[in-house]
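Here are the chains, one letter per residue:
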Amino acid sequence: MLSSAWVQLLILSGQGNIRLKECHWIYGQTQIAKYIPGNIFHYAGRHTLGRQAGLSHTALIGATLYEALCLLLAASTLSIIGIAAFGLDQIAISKWQLIIVFALSITILATATISMPHVVKLAGGDLPAKGMGEKVTRLKNVLLLHAAFFLISGALFFIVVANHSQEISLSGFGLIIVISAAAWILGFITPGAPAGVGIREAIIVLTLTQLTDSSVAVIAAIIYRLITVLGDVVFFISARALTQRRPV
C-alpha cells in the first residue's frame, strides 16, 4: 500500500515512464533504513536508488514531501474521527493538537499542489501538464491507501491487545485504531526517533493503561513493535527478491 501510494505521488510530481515493479523494489529496499537513528535514511536511500533507476530528482523530492503530508493527514483524520466518536479525552495527544496537525497538513498539501508547476519551472524542470481534477483524484487514491494502511495496522494491534486482555472486546476496535494512529503521529514528528521506536510504545502504554492492566499494555506494545519490524523485514526480503528480475 505504501509503495503503491508512492508511485501515485511520483506521477503527481511529474515523473513519466514509471515502472511499478521498479518503485516497489526501491521502496522495499529502503524502508527498513528508517530504523537507523535520525529517521531520514530511508528517504535518502530512496532518493539515491531512485536517481540510479533514472527517476527525476524533482519528482523524488516532491513525492517525499507529499508522502509525509498525506500520511499525517490520513492518521490525523482517523484519530479525530475516533476521538469524536468514542469520546477519548485522556489520550496522549489532544483533539486540538490533532486538528492542528490536520489543518497544517491539508494547507501545505493544497499549497504544494497548486504551486508545484511554478516551483518546478523555476528549478528548470518540465512538469507535465495535469489538470486539478487529475491531481485531486491521485491525492484521493493516495489518502485512501494510507488510511487503509493505518486501519489494517490498527486491526493487527487490536488482535494483539484482545488476545491479552479480557477487558477489550470487539466494541473497543475503534479505540485501538485511534491509539495506534495517534501513536504513529507522535513517533513520526519526533525528531531523530528511528521509526518512532520508544515514542510510539510510550504513547501506547500510557493510553492503554486507561483501558486495561499496565502489564498487558506493555506486552501489547512490545509485540506490536515486533510485528511491525517483522513486516518491514519481510517487505525488504521480498524487494530483494525482485533484484534479479527488476527491469534494466
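About the criteria used
One numbering rule holds for all chains: residues counted from 1, following each sequence as written. Totals for whole chains, interfaces and linings use all residues, but because this is a predicted model, local features are given only for residues with pLDDT of at least 70 and pairs of side-chain atoms are given and counted only at 80 or more. The side-chain numbers reported here are obtained from all heavy atoms of the structure, hydrogens and water having been left aside. We count a stretch as a helix when DSSP gives it H or I for four or more residues in a row; a strand needs E for two or more, and each element gets its number in order from the N terminus. Exposure is judged per residue with a 1.4 Å probe applied to protein chains only, and the accessible area is read against the type maximum: over 50% gives exposed, under 20% gives buried, and values in between give partly exposed. We call two residues contacting when some pair of their heavy atoms lies within 4.5 Å. Take the residue count of a helix, subtract one, and multiply by 1.5 Å to get its expected span. The arc in question is traced by the directions running from the helix axis to the C-beta atoms. Nitrogen and oxygen atoms within 3.5 Å of one another constitute a polar contact, given that in protein one can donate a hydrogen and the other can accept it, and given that sequence-neighbouring residues count only through two side-chain atoms. Pairing of aromatic rings covers Phe, Tyr and Trp, the last through its six-membered ring, and needs centres within 6.5 Å; plane angles under 30 degrees mean stacked, over 60 mean edge-to-face, and all others mean tilted. Any Lys NZ or Arg CZ that is within 6 Å of a ring centre and within 35 degrees of that ring's normal is treated as a charge sitting over the ring. Each nonpolar core is a collection of buried residues, namely Ala, Val, Leu, Ile, Met, Phe, Trp, Tyr and Cys, held together in the definition by side-chain atoms within 4.5 Å. Axes, fitted as lines to C-alpha atoms, cover a helix only where it is in contact. Angles between the N-to-C directions of the axes lie from 0 to 180 degrees. Roughly parallel means an angle under 35 degrees; roughly antiparallel, over 145; roughly perpendicular, 65 to 115; everything else is oblique. Handedness of a crossing is defined here by the sense of rotation of the near helix relative to the far one, left-handed for an anticlockwise turn of less than a right angle and right-handed for a clockwise turn. Salt bridges, as used here, are contacts in which a Lys or Arg side-chain nitrogen is within 4 Å of a carboxyl oxygen on Asp or Glu.

Looking now at the overall build of the protein. Helix and strand content of the protein: nine helices and zero strands. Starting at the N terminus and walking to the C terminus, you meet the elements of the protein as α-α-α-α-α-α-α-α-α. Across the 248 residues that make up the protein, the buried fraction comes to 46%. Of all intrachain contacts in the protein linking residues separated by at least 6 positions in sequence, the fraction that spans at least 24 positions is 72%.

What follows is about helix α3 (residues 41-52). A rise of 1.5 Å per residue sets the reference length of α3, with its twelve residues, at 16 Å; its end C-alpha atoms lie 16 Å apart and thus fit the reference within 8%. Taken residue by residue, α3 has His42, Tyr43, Arg46, Leu49 and Gly50 as its buried positions. Around the axis of α3, the buried residues are gathered within 135° of arc, so they sit on the same side. Where α3 terminates, the next one or two residues include Gly54, which has phi positive at roughly 90°.

Within the secondary structure layout, Arg225 lies in helix α9 (residues 214-241). Separated by 2.5 Å, the side chains of Arg225 and Glu201 make a polar contact.

Let's shift gears to the packing of aromatic side chains. The tally for this structure, following the rule as stated, stands at seven aromatic pairs. Among the aromatic side chains, those forming a connected cluster through ring pairs are Phe149, Phe150, Trp184 and Phe188. Against the face of Trp6 rests Arg46, its NZ or CZ located 5.7 Å from the ring centre. Positioned above the aromatic ring of Tyr27 is the side chain of Arg46, whose terminal nitrogen or guanidinium carbon lies 4.0 Å from the ring centre.

In terms of nonpolar packing, the biggest core is built from 35 residues, with Trp6, Leu9, Leu10, Leu109, Leu139, Phe150 and Trp184 touching the most fellow members. Every element with two or more residues in this core is listed here: α1 (2-12), α2 (20-31), α4 (57-86), α5 (95-122), α6 (132-164) and α7 (173-189). In terms of residue count, α4 provides more of this core than any other element does, twelve residues in total. When sequence neighbours within four positions are dropped, the list of residues in contact with Trp184 reads Leu71, Leu72, Ala75, Phe150 and Arg200. Judged by nonpolar contacts, the second largest core, of 16 residues, contains Phe157, Val160, Ile204 and Ala221.

It is worth spelling out the packing of α6 against α9 at this point. The packing of two helices is summarised by the inter-axis angle and the distance between the axes. Their axes nearest at 9 Å, the elements α6 and α9 cross at an angle of 140°. Here α6 lies oblique to α9, going by the angle between them. The interaxial crossing formed by α6 with α9 has right-handed handedness. Residues Ser153, Gly154, Leu156, Phe157, Val160, Val161 and His164 of α6 form the contact with α9, whose participating residues are Val216, Ile219, Ala220, Ile223, Tyr224 and Ile227.

The next subject is the environment of Gly198. Its location among the elements puts Gly198 in the loop between α7 and α8 (199-208). Once the C-alpha coordinates of Gly198 and Ala221 are considered, the two residues, 23 residues apart in sequence, prove to be 9.8 Å apart.

Glancing now at the environment of Val234. Residue position: Val234 is located in helix α9. Taking the C-alpha atoms as reference points, Val234 and Gly28, 206 residues apart in sequence, are found 9.0 Å from one another.

A word on the pattern of salt bridges. Enumeration according to the criterion identifies four salt bridges in this entry. Asp232 is the salt-bridge partner of Lys34, the closest N and O atoms lying 3.2 Å from each other. With Lys34 in the loop between α2 and α3 and Asp232 in helix α9, this pair connects stretches of sequence that are 198 residues apart. Arg225 is the salt-bridge partner of Glu201, the closest N and O atoms lying 2.5 Å from each other. Of this pair, Glu201 sits in helix α8 while Arg225 is found in helix α9, placing the two residues 24 residues apart along the sequence. Arg225 carries the same exposure label as Glu201, and that label is buried.

With that settled, consider the environment of Phe235. By secondary structure assignment, the location of Phe235 is in helix α9. Once you skip the residues sitting within four places of it in the chain, Phe235 turns out to touch Ser3, His24, Tyr27 and Gly28.

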